[in-house]
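Chain by chain, the residues run as shown.
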Amino acid sequence: MTTAQLAAAPRGEVEHVFSLPHVPGAVAGIRRRVRAVLSDWNLTADCAADVLLVVSELLTNAIVHAVPPATLRLSRSLPEGCGTVRVEVTDLGPAAPAEDPASSIDPDEHGRGLDIVNALASRCGVHVHTGGTSRWAELPSA
């Protein structure tokens, strides 16, 4: 979106879309770009930190588990009262199956990302559609 498009967004909504390269290290680059967007939105430091953590967790999940390519959609809505930041990562695959309890993943190293997202988000979920699967989270921005 151009600056003019951002200024013309309806009802205080602003949206940015980032393609996620399916390579290690991609999350750090996207985080830098998201940090700049959040700074432009003048979010509090605590809110921006929470959004960045949710972005990191959902993007890392996409790199490790999803069918590429993946896309991050970051949007802000400013309805009367309370604003919201929405983080949505979409990939081409179906929703991941439930974790195998006998999995060889070390719980001290992996597996807490969605718990972190659930703890920080006011709402979150998974939407399976013809274009793939979207995992999303909404955080208050006020």
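Preceding this paragraph is the structure being described.
An account of the accompanying structure is given in this report. (Residues numbered from 1 in each chain as written. Predicted model: local features only at pLDDT ≥ 70, side-chain atom pairs only at ≥ 80, totals over all residues. Heavy atoms only, no water.)

**Overview of the pairing of strand 3 (residues 84–91)**
What counts, and what does not: Note on classification: 1.4 Å probe, protein chains only; a residue is buried when its accessible area is under 20% of the maximum for its type, exposed when over 50%, partly exposed between these limits. The helix count covers DSSP runs of H or I at least four residues long, the strand count covers runs of E at least two residues long, and both are numbered beginning at the N terminus. In this description, strands pair whenever DSSP reports at least two bridges between them.
Of all 8 residues in strand 3, 6 are buried; the element is thus mostly enclosed. Note that strand 2 (residues 70–77) and strand 3 share 7 bridges and pair antiparallel. Residue threonine 71 lies in a different strand from strand 3, and its bridge partner there is threonine 90. By the bridge criterion, 8 bridges tie strand 3 to strand 5 (residues 132–140) in an arrangement that is antiparallel. Paired with valine 87 across the two strands is alanine 137, which belongs to strand 5.

**Points about the side chain of asparagine 61**
Mapping asparagine 61 onto the fold places it in helix 3 (residues 45–65). Note on asparagine 61: relative accessible area 19%, which makes it buried.

**As for the nonpolar core**
Taken as a class, soluble globular proteins show a tendency for nonpolar side chains to be buried jointly. The cut-off we apply is this: Nonpolar cores are built from buried Ala, Val, Leu, Ile, Met, Phe, Trp, Tyr and Cys residues. Side-chain atoms within 4.5 Å join them into one set. Two residues qualify as a contact provided that any one of their heavy atoms is within 4.5 Å of a heavy atom in the partner residue.
Counting 32 residues, the largest nonpolar core has Val34, Leu38, Val51, Leu72, Leu74 and Val87 as its most contacted members. Elements represented by at least two residues in this core include exactly strand 1 (14–20), helix 2 (26–40), helix 3, strand 2, strand 3 and strand 5. Aside from chain neighbours lying at most four places away, what touches valine 34 is Phe18, Leu52, Val55, Leu72 and Leu74.

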